[in-house]
Amino acid sequence: DFVTGGTITPDLVTGYGFGAGWDLQALIQLGAKRAAARANVQAITLDIAWVEWQTAEGAKLAVYRVIADEEQLAHARKVDARLEKNLDVVQKATAAHDLTEVDLATASVASQDAHALVLSLEKDLADQRLAMKKAIGLPPHATVNLREGI
């Protein structure tokens, strides 16, 4: 430091200095920070891929559930139609005194149970279709036509 004062008052001295410094800690940590940033980018990419995979699998599962419910409903409708025809036959046979009222009640209960199952499966199918549309990302009023034999 060069002395620049003290001519008027000898006990008062002012010193000025100039220095240059560089924080080497940031330079030392630079490689580790870059590696951490690259790893973070890869982690985010993997997270996005994982979410996309889960969404795709959820949509696929929803489609399979709709297909399974459609097949169950088709089978239940066939059974319901057969039991309704059976009920008509049993009613005619009971009117002709060929069968008893117990037989008629049994046929009636079986027909009602089959019809209740059809109604329940129709509700389940409607719920599954909404879940499928949600999984795919479609609005509830959208129409989705699934290919036969998936």
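From a predicted model like this one, the values you see are computed outputs, not experimental measurements.

Requested: an account of the packing of helix α1 (residues 24-95) against helix α2 (residues 101-136), with residues and values cited.
Two elements in contact, α1 and α2, have axes whose closest approach is 7 Å; the angle formed by their N-to-C orientations is 160 degrees. Judged by the angle between their axes, α1 and α2 are roughly antiparallel. Helix-helix and strand crossings are classified by hand; for α1 and α2 the assignment is left-handed. Here the residues of the contact of α1 with α2 sort into 22 nonpolar, ten polar and eleven charged.

Break down the nonpolar core for me, with residues and values.
Considering soluble globular proteins, one finds that nonpolar side chains tend to be buried as a cluster. Core analysis: the largest hydrophobic core is formed by ten residues, namely Ala62, Val63, Val66, Ile67, Leu73, Ala76, Val118, Leu121, Leu125 and Met132. Within the residue set of this core, elements represented by two or more residues are α1 and α2. At six residues, the largest contribution of residues to this core is made by α1.

So what about α1? Which residues, and what values?
Along an α-helix, residues three or four positions apart point the same way, because every turn accommodates 3.6 residues. A rise of 1.5 Å per residue sets the reference length of α1, with its 72 residues, at 106 Å; its end C-alpha atoms lie 105 Å apart and thus fit the reference within 8%. If you look at α1, its biggest bend is around 40 degrees, right at Leu30. Phi turns positive, to about 60 degrees, at His97, one or two residues after α1.

Calculation rules
- Residues numbered from 1 in each chain as written.
- Predicted model: local features only at pLDDT ≥ 70, side-chain atom pairs only at ≥ 80, totals over all residues.
- Heavy atoms only, no water.
- Axes fitted to C-alpha atoms, helices over the stretch in contact; angles between N-to-C directions.
- Helix = DSSP H or I, 4+ residues; strand = E, 2+ residues; numbered from the N terminus.
- Parallel < 35°, antiparallel > 145°, perpendicular 65-115°, else oblique.
- Left-handed = near helix turned anticlockwise from the far one by under 90°.
- Nonpolar A, V, L, I, M, F, W, Y, C, P; charged D, E, K, R; others polar.
- Core = buried A, V, L, I, M, F, W, Y, C linked by side-chain atoms within 4.5 Å.
- Buried < 20%, exposed > 50% of the residue type's maximum accessible area, 1.4 Å probe, protein only.
- Expected span 1.5 Å × (residues − 1).
- Bend = angle between axes of the 7 residues up to and from the residue.

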